[in-house]
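Working through the structure, step by step
Residues per chain are reported as follows:
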Amino acid sequence: MRLEAIFQDDARGRDAALAACAAAPEHERSAFAVKVATAARDAAGALATEDAAGRATLTHETAFGRAAVALAVLRVEGAKSALLRIADEGSTTVKAALARALRETTTPEGRTVLVHLLADDDARGDAILAIGATPWPAVLPALIEVAEADDYAARLAAAPIAKCGAAAGPNERNAAADFLLEQLDDDVALVAAMDALIRFGAGFPGVATRARRLAKEPGKRKIAGLCLVAAFGDEGNADFLELALSGAKATESTARTVLGPLLHDADGRIRGAAERTWQVLDLGNAGPPSR
């Protein structure tokens, strides 16, 4: 194992070097972790110094990120301890870079660091986004816990929670569904919860039933409910129109706010649900939002 191999710019060569690290005997991995940890601390220090001076560059963040990935891959206690120490003592910029570097980690050590960062005010958002890239079932309770305590975290965590529930077993799926259905009652988290459910909630219990009730409420709730019904309900056109006409009439500006991004989504299923909702809202001559 050579230190320069894990820092090379060639992605294939770097991946091969990391694979060799992972396959090496434990005593070799432990010895190499000392060298990598030193390099990681040096890069983190340089990154923090540059950031404090207002001239941070990608060079040190790249080096730090590659060292962090290697420490996670080594899967030894010394490597994990080094990562946790950086997570505790690093600057805000370093903590954010650490979370981004571990975005696709699959090792228990790397995942432990990401969960650790969820408790840090400076890094929580980046940690949520990193976990959301490749969530694993055991992280769901931690995501829900931070989301329940903070509105900003709730919006960021909605998609990772839904994604985690969709890919895991029935217990995780039910927990994710319960949380996101509760968020539909929160005006701050409503749109994020709706978006997450439309993308990942096809097998979640209770979504269509809750959506029908939501479609009879005013404002964003009505539009979100209709869009969820369009995605998961079994209503024909007549029943869907009747649901849209019930309760308060939606305004064009609110419809644009909620449906705008979905009407141009790359996923045809999501785009279709948004288009059906826009059409049934009867907004006069108003055309759908442009890009």
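Below, the structure is looked at part by part. Only a predicted model underlies this, so the values are computations on that prediction, with no experimental measurement involved.

1. Side note on the layout of surface pockets
Considered as a void within the structure, the largest pocket measures approximately 250 Å³ in volume. Forming the walls of the largest pocket are Ile6, Arg14, Asp15, Leu18, Glu61, Gly65, Arg66, Val69, Ala97, Arg100 and Ala101. Counting residues per element, the ones that place at least two in the lining of the largest pocket are α1 (11–23), α3 (58–74) and α5 (92–101). Here the lining of the largest pocket gets 4 residues from one element, more than from any other, and that element is α3. Of the residues in the lining of the largest pocket, the class split is 5 nonpolar, 1 polar and 5 charged.

2. Considering the side chain of Arg124
You can see Arg124 is positioned in helix α7 (residues 124–133). A residue is classified by how much of its surface remains accessible, and Arg124, at 17% relative accessible area, is buried. Separated by 2.7 Å, the side chain of Arg124 and the backbone oxygen of Leu118 make a polar contact. Those residues in contact with Arg124 that lie beyond four places of it in its chain are Leu117, Leu118, Ala119, Val146 and Ala153.

3. Let's talk about the packing of aromatic side chains
Applying the stated criterion across every chain, the model contains 0 aromatic pairs. For Arg276, the ring lying beneath its charged end belongs to Phe240, and the centroid distance is 4.2 Å.

4. Points about helix α13 (residues 219–232)
For α13, with 14 residues, the first-to-last C-alpha span of 21 Å sits near the 20 Å given by 1.5 Å per residue. Burial analysis of α13 places 10 of its 14 residues in the buried class, which makes it a mostly covered element. Taken residue by residue, α13 has Arg221, Lys222, Ile223, Ala224, Gly225, Leu226, Cys227, Leu228, Val229 and Ala230 as its buried positions. Buried residues belonging to α13 abut α11 (190–200), α12 (207–214), α14 (237–245), α15 (252–263) and α16 (268–280).

What counts, and where the lines are drawn
Residues numbered from 1 in each chain as written. Predicted model: local features only at pLDDT ≥ 70, side-chain atom pairs only at ≥ 80, totals over all residues. Heavy atoms only, no water. 1 Å grid on protein atoms, 1.4 Å probe; cavity = no way out; pocket = protein on both sides within 12 Å on 5 of 7 lines; lining within 4 Å. Points joined across faces, edges and corners; volume = space filled by probe spheres on them. Helix = DSSP H or I, 4+ residues; strand = E, 2+ residues; numbered from the N terminus. Nonpolar A, V, L, I, M, F, W, Y, C, P; charged D, E, K, R; others polar. Buried < 20%, exposed > 50% of the residue type's maximum accessible area, 1.4 Å probe, protein only. Polar contact = N/O pair within 3.5 Å; in protein donor to acceptor, adjacent residues only side chain to side chain. Contact = heavy atoms within 4.5 Å. Phe/Tyr/Trp six-rings, centres within 6.5 Å; stacked < 30°, edge-to-face > 60°. Lys NZ or Arg CZ within 6 Å of the ring centre and 35° of its normal. Expected span 1.5 Å × (residues − 1).

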